[in-house]
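Structural overview
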Amino acid sequence: MKKFWGCLFLALAVPCMLNSVILIALLSGALADAGYPGAVRVLLLSVPAAGGFLVYLWLLFMPVFDKEKTGFRVRMMLGGRRLIYCGFYGMAVQVPVFVNLFIRGTVLEALSPGLRIAGAVLSACGIFSLMAAGTLRIFFTSRRLSIGRRLLMLLTMWIPLVNLAVLLYACRLVYEEYDFEREKVLQSRLRADTQICKTRYPLLMVHGIGFRDLRYFNYWGRIPRELMRNGAVIYYGNQEAFGTIACNGEDIRVRIRKILEETGAGKVNIIAHSKGGLDARYAITHLHMAPYVASLTTMSTPHRGCRFVDYACRLPDGLYRFVAGCFDRTFLRFGDRNPDFYTATRQFSTAESARFNKETPDDPQVYYQSYASRMKYPWSHLLLAFPWCLIRLLEGENDGLVSTDSAKWGEFRGVFRNKWMRGISHGDMIDLKRQDYKGFDVAEAYVQIAAELKEKGF
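Residues numbered from 1 in each chain as written. Predicted model: local features only at pLDDT ≥ 70, side-chain atom pairs only at ≥ 80, totals over all residues. Heavy atoms only, no water.

Our focus in this paragraph is helix 17 (residues 442-455). Spanning 14 residues, helix 17 covers 20 Å between terminal C-alpha atoms, matching the ideal 20 Å at 1.5 Å per step. Along helix 17, ten of the 14 residues are buried, which leaves the element largely enclosed by surrounding structure. Two or three places before Ala443, at the start of helix 17, stands the capping residue Asp441, its side-chain oxygen 3.3 Å from that residue's backbone nitrogen. Following helix 17 by one or two positions, Gly457 adopts a phi angle in the positive range, close to 90 degrees. (Helix = DSSP H or I, 4+ residues; strand = E, 2+ residues; numbered from the N terminus. Expected span 1.5 Å × (residues − 1). Buried < 20%, exposed > 50% of the residue type's maximum accessible area, 1.4 Å probe, protein only. Polar contact = N/O pair within 3.5 Å; in protein donor to acceptor, adjacent residues only side chain to side chain.)

Here is the structure:
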């Protein structure tokens, strides 16, 4: 009922605000005919004029009230959607007004041509400003609007009718995002006291190749915050971006020792993404960390290598070493002590992976489980388009970097996918873009993983 009255208010207030010049002129004429002096007319007309201006400012800048408290970003985004719909309300009402405005024999006949033109210009500018402000708000606040969708909005904004259709599509995405965020708030409220991620042992999150655990850009996106909100104790691997498996395994060993010393816990649960799973396996088996690791969960880890790396290894060795040297010099500046791009990347070849698996058997003291994800089409993640096509041809289903078969290790728990066209990429599994996708909530996926570890006594 509240929503109905809100829509009715906007449907009436917006056209009145847009036609304020005409309305004030008509009211002024009516008051003059009624014998009101000029000073009284000015005073009486200033009230609706000021009210219309305040309504306009409120629509333009204020976020939507939301009793679910989804956050300022979401409320501002929803306010942008409201502005766009206000523009549509205004357009729907202004069409007959514009038709009547310049036809003789109507109630507007008494208006001078200047007032008619001024009213039309004000109405057009008002509609444009409302829709432009709404577009800007959702453009900069929505997480469902991918780069491609934003480009579509920019490219079609000057094409009549097409731009309106694109805006309506964006508004639908915005409402789906709001509904998604609202459900998350309600879910968090319902399980606020359950601490479902409060595992017996701390969680050690180990990143993949090419990244570091930076202070101001979390490799894992919004995932750690959601885990901690539900009771998890989080630590990070802090291994090197382009260290070899052995080098990074040593970093993880040192990190585990430090965590146990700080917390007094007997073990840790490792959740590792991509190459981080290989680094963790090396530390467990070769550096005798098995007694201190309760479980290892690998996410999209190339346990059996990547066949496209086999082809990369066929490049001229001089060229490969030149590229490797460029990466090594770059990541020395980012904090790597021993970057070795040449060796680290070649360790993903199928031959090296087979040798590693033979030399690194699972330890029975540790529970091993694994997950994979599936990217459906090359345009799902443009940076991964080429490797996706190559892996699809050579190995089949993959996430843009790692095939499903290669990701299987220990107890394989399944493939993250959705029924929509995009699928779930290698980067989506660490919330790389900080975007939400239909049918997949990456933070909730990790919450469920932690909850299951807790249920298993880890």
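The next subject is the environment of Arg143. Along the chain, Arg143 turns up in the loop between helix 5 (113-141) and helix 6 (147-156). Non-local contacts of Arg143, meaning those with residues more than four positions away in its chain, are made with Arg73, Glu177, Glu181, Arg222, Arg434, Gln435 and Asp436. (Contact = heavy atoms within 4.5 Å.)

Look at helix 9 (residues 245-263) against helix 10 (residues 276-286): their axes get within 8 Å of each other, and the N-to-C directions meet at 70 degrees. With respect to helix 10, the element helix 9 is oriented roughly perpendicular. When you trace helix 9 past helix 10, the crossing you get is right-handed. Counted together, Ile245, Ala246, Asn248, Gly249, Ile252 and Arg253 of helix 9 and Leu278, Asp279, Ala280, Tyr282 and Ala283 of helix 10 form the full contact between these two elements. When the residues that make up the contact of helix 9 with helix 10 are grouped by side-chain class, the tally is seven nonpolar, two polar and two charged. (Axes fitted to C-alpha atoms, helices over the stretch in contact; angles between N-to-C directions. Parallel < 35°, antiparallel > 145°, perpendicular 65-115°, else oblique. Left-handed = near helix turned anticlockwise from the far one by under 90°. Nonpolar A, V, L, I, M, F, W, Y, C, P; charged D, E, K, R; others polar.)

Only a minority of non-glycine residues have a phi that is not negative, and only a minority of peptide bonds are not trans. One non-glycine residue, Ser274, lies in the positive phi region at around 55 degrees. By the element assignment, Ser274 lies in the loop between strand 3 (268-273) and helix 10.

Glancing now at the confidence of the model for the protein. For the protein, per-residue confidence averages 82 on the pLDDT scale, and 82% of positions sit at 70 or higher. Confidence, read as mean pLDDT per element, is least for helix 1 (residues 2-18) in the protein (52) and greatest for strand 3 (96). (pLDDT = per-residue confidence, 0-100.)

With that out of the way, let us pick up the pairing of strand 1 (residues 203-206). Every second residue of strand 1 is oriented toward a common face, with Leu203 and Met205 on one face and Leu204 and Val206 on the other, all of them buried. Sheet topology note: the strand 1/strand 2 (residues 234-236) ladder contains three bridges and is parallel. By the bridge assignment for strand 2, Leu204 is matched with Tyr235. Crossover handedness for the path strand 1 to helix 8 (residues 223-229) to strand 2: right-handed. Two strands pair when backbone bridges link them, and strand 1 and strand 3 are joined in this way by four bridges, in the parallel orientation. Within strand 3, the position partnered with Val206 by the bridge is Ala272. (Pairing = 2+ DSSP bridges. Right-handed = clockwise from strand over helix to strand, strands pointing away.)

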